[in-house]
Each structure stands twice: as C-alpha cells, then as structure tokens.
Amino acid sequence: MKQPPRLATFLVERLAPPNEALQGDLTESCHLGSSRWWYWRQSVWIIAAGIYREIRREPLMAVRALFTGIGLKGVLGYLWNRFWFGLVSRPAFAFVESTWGHRELNEPYQWLSASAAIPWMILFGWILTRLYREHRGMAVFIHAVWVIIWMGPRAARLIAGADRPEVLLNLELFAFETTIALIAPLIGALLDEPVKSSMSNKTVA
Amino acid sequence: MARQHLTDFELMILLAILRIGQDAYGVPIAREIEQTGKRSVLLGAIYTALDRLEENGLVTSTYGDPTPERGGRAKRFFKVTGKGLKAVKETQRAFTALWSGIPQLKGGTA
C-alpha cells in the first residue's frame, strides 16, 4: 500500500481549510496507486484554491486578518527593537557602536541583527495562527501579500542603485529580511497543530 | 442569488453522482469523470463544485464512518436532489435543442 507524501499531507492539514472528506479521498487515492506527483499536484491546488475561496467568501475576515497581522507585527516589532537595541547599547557590546561608519566592520552586525528577527517573526506567525486557526493559510497568505506590497517600493529603489557597492549590501540585507518576513511567519503557522474538521460543520455558507 | 444554469463541470459531476448511485463520494466521482468523461480532474476542484452545488440545493451530503485506508477519515457521500435532477434535465433539453439543426454535426464525427 502506497503511503502519501508526509510533507504534502502536513501542509494540507495546516494550510488548507479543514476538510476531512477531501483529505481522506487524497489518502485513499494514494493507497489505490496514485503517484506522489499526483498527490503533490492535488495538495498544492487544495491549498491555493482553499485560500482563494476563503478570501472570496469572507472578505471581511481577510481584511480583519490583515489589520490584526499589521498591528500584531507592529507591537512585536516594537518590543523586539527595544530589547535588541537595549542589548547592543550595553557596554559589553560597545564594539558594535565603534563600527558605525565602517561598513566592512559593521556588516556582520547588520546580518546578525537581521537574523535575530527570525524568532519573533516565527512567534508572530504562531500568534496569528492561534487567532485564525481554521483560516491560517489565508491569514499567512494575506500577510505575505502585504509584505510584498510594503517592501515593493524599497526593493525598486535598491535594485535601481544596485551598481553601487553600498547599495548592493543593502539590497542583499533587504532580500534576506524580506525572505525572513515571508518564511518565518509561515513556519510559525506550521508549528501549530492542525484543526480537525467537524462533521456537523459540513453546512455551506 | 443562486445561478439557474449549470457549468459543464457541474453537469459532469451531477451525472457522475447519478451514474454511481449510493456510493458517490470524492474518489469514485473523480474516477467516473476521468474514465467516462475522459477529462482529468482535481479532487479539490470537485469539492469546490460540490460545495457550490450543495449551496444551491442541487446535491445533499452525508458523512460515512472513518476507515483505515483513508487515514481514519470519513467519506462524504453525495446525492442529487430533485432540484438537481431537474437542473440536469433542463440542461440536457437546452443542449439537445442547441444541437439540433446544425449541419456540421450531422453524419458522424467531425
């Protein structure tokens, strides 16, 4: 008996709207001989179409999720910045301050500072998921779209000046920060347990 | 407001359910459309259409018992309602009327 790909099942269970019957059909088809490629193709479609359908059916909830995400990220970002800059302003980290204005010396700190955002970004994704458990795929997707729109103008400015070395470093850091802003919340969303679809919840809107 | 006409995919699904009978759930519906209708389908797309058909009162669904080969998940069985049957007949009538009198379609395959 063929086993369904674990990663695809993991992603469907967490990012697609809960649908026990559909997930059961996927598993059964796999046991009946469908290929891994078939399973992956179905899974990607189920997640993408599920998110699209949720946004279409409940646009107000999508807007609420967007503003909740922006607010939550603002609060967590503020707390994190207070902690991080409080930490590096201590005497033990005085060497960091001495590197200001020396790009090559300050570069490792810049990368460390950008990497240090990973934990709170994961926390952000996890909290957002706890607030929108059954719609987490939609909430994380809406947030990703917002990140791309928000970062777009800055990306365009940096790309336009990428021939200058100092801008190139900024562009690399920016690409890294954007990747974190997109991937870390998704990891946070995947950390939470999947929601079981209720059989009595089969009614349609 | 619910739509009054069926899309070709919705029609295929309703016909597949009618052909299968009592045991109409996702897997056999997909198989029926693929084998008889010669059309590749995605399970997710079938459920999207089925949910829409249920919203419009053309099908009803009930859950069966969870089974091990489905990872302990239940089957969702679908049944065409009287309204659904009427919609199928109406679509068939419309298609038949449109089909008739087209000289290019007479006399076997095109």
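Calculation criteria
Residues numbered from 1 in each chain as written. Chains lettered and ligands numbered in written order. Predicted model: local features only at pLDDT ≥ 70, side-chain atom pairs only at ≥ 80, totals over all residues. Heavy atoms only, no water. Helix = DSSP H or I, 4+ residues; strand = E, 2+ residues; numbered from the N terminus. Buried < 20%, exposed > 50% of the residue type's maximum accessible area, 1.4 Å probe, protein only. Contact = heavy atoms within 4.5 Å. Areas by Shrake-Rupley, 256 points an atom, 1.4 Å probe, with all protein chains shown as cover. Lys, Arg positive; Asp, Glu negative; His and termini not counted. Charge placed at Lys NZ, Arg CZ, Asp CG, Glu CD. Buried area = accessible area lost by both parts, 1.4 Å probe. Salt bridge = Lys/Arg side-chain N within 4 Å of Asp/Glu carboxyl O. Polar contact = N/O pair within 3.5 Å; in protein donor to acceptor, adjacent residues only side chain to side chain. Nonpolar A, V, L, I, M, F, W, Y, C, P; charged D, E, K, R; others polar. pLDDT = per-residue confidence, 0-100. Core = buried A, V, L, I, M, F, W, Y, C linked by side-chain atoms within 4.5 Å. 1 Å grid on protein atoms, 1.4 Å probe; cavity = no way out; pocket = protein on both sides within 12 Å on 5 of 7 lines; lining within 4 Å. Points joined across faces, edges and corners; volume = space filled by probe spheres on them. Axes fitted to C-alpha atoms, helices over the stretch in contact; angles between N-to-C directions. Left-handed = near helix turned anticlockwise from the far one by under 90°.

What is the right way to look at the overall build of chain B in this model?
A tally of helices and strands in chain B yields four helices and two strands. For chain B, the succession of helices and strands along the chain, N to C, is α-α-α-β-β-α. Along the longest, intermediate and shortest principal axes, the C-alpha atoms of chain B span 55 × 35 × 20 Å. The burial tally for chain B puts 45% of its 110 residues in the buried class. Sequence-distant contacts, at least 24 apart, represent 50% of the contacts inside chain B between residues at least 6 apart. Per element, the accessible surface of chain B, about 6400 Å² overall, is 56% carbon and sulfur. Taken together, the 16 basic and 11 acidic charged side chains of chain B have centroids lying 5 Å from each other.

Looking at this structure, I do not really get the interface of chain A and chain B. What am I missing?
Accessible area lost upon the coming together of the parts serves often as the stated size of an interface. Contact residues are listed per partner, giving 26 residues for chain A and 26 residues for chain B. Of the roughly 2300 Å² buried at the junction of chain A and chain B (both faces included), carbon and sulfur atoms supply 56%. A salt bridge links D25 of chain A to R70 of chain B; the nearest nitrogen and oxygen atoms lie 2.7 Å apart. In this structure, the connection of chain A to chain B is made through 13 residue pairs in polar contact (both at pLDDT 80 or more). Tallying contributions element by element places helix α2 (residues 20-31) of chain A first for the side of chain A that touches chain B, with 11 residues. Within the side of chain A that touches chain B, the residues separate by chemical class into 10 nonpolar, eight polar and eight charged.

Quick question: what am I supposed to make of the confidence of the model for chain B here?
Parts of the model with low pLDDT should not have their predicted coordinates read in detail. Residue and element names in this part refer to chain B. Of the residues in chain B, 93% reach a pLDDT of 70 or more, and the chain-wide mean stands at 90. By mean pLDDT, the top-scoring element of chain B is strand β2 (residues 76-80) (97), and the lowest-scoring one is helix α4 (residues 82-99) (93). Confidence metrics for the complex model read pTM 0.82 and ipTM 0.85.

Could you clarify how one ought to interpret the nonpolar core in this entry?
One broad rule of soluble globular proteins: the nonpolar side chains tend to lie buried together. Counting residues in hydrophobic clusters, the biggest one holds 72 residues, and the most contacted among them are I13, I17, I29 and I46 of chain B. Contact partners of I17 of chain B, with chain neighbours within four places excluded, come to A24, I29, L50, V59, F78, K79 and V80 of chain B.

Please clarify how unusual backbone geometry should be interpreted in this entry.
Even without a glycine there, the phi angle at K38 of chain B is positive, about 55°. Within the fold, K38 of chain B resides in the loop between α2 (26-35) and α3 (43-55).

How should I be thinking about empty space enclosed by the protein in this particular structure?
Think of a ball as big as a water molecule: rolled over the atoms, this probe shows where empty space is left. Residues and elements named next belong to chain A. Considering all chains together, one arrives at one cavity of 30 Å³ or more under this definition. Roughly 70 Å³ of internal volume is contained in the largest cavity. The wall of the largest cavity is formed by 15 residues, among which R14, A16, P18, R133 and E134 lie closest to the centre. Within the residue set of the lining of the largest cavity, elements represented by two or more residues are α1 (6-15) and α8 (136-160). Considered class by class, the residues forming the lining of the largest cavity number seven nonpolar, two polar and six charged.

Would you explain the packing of helix α4 (residues 59-88) of chain A against helix α7 (residues 117-131) of chain A in this entry?
Between two packed helices, both the angle of their axes relative to each other and the distance between the axes serve to describe the pair. Residues and elements named next belong to chain A. It is the contact of α4 with α7, at a shortest axis distance of 10 Å, that shows an interaxial angle of 145°. Here α4 and α7 pass one another in a crossing that is right-handed. Residue-level contacts link A65, T68, G69, L72, K73, L76, G77 and W80 of α4 to A117, W120, M121, L123, F124, I127, L128 and L131 of α7.

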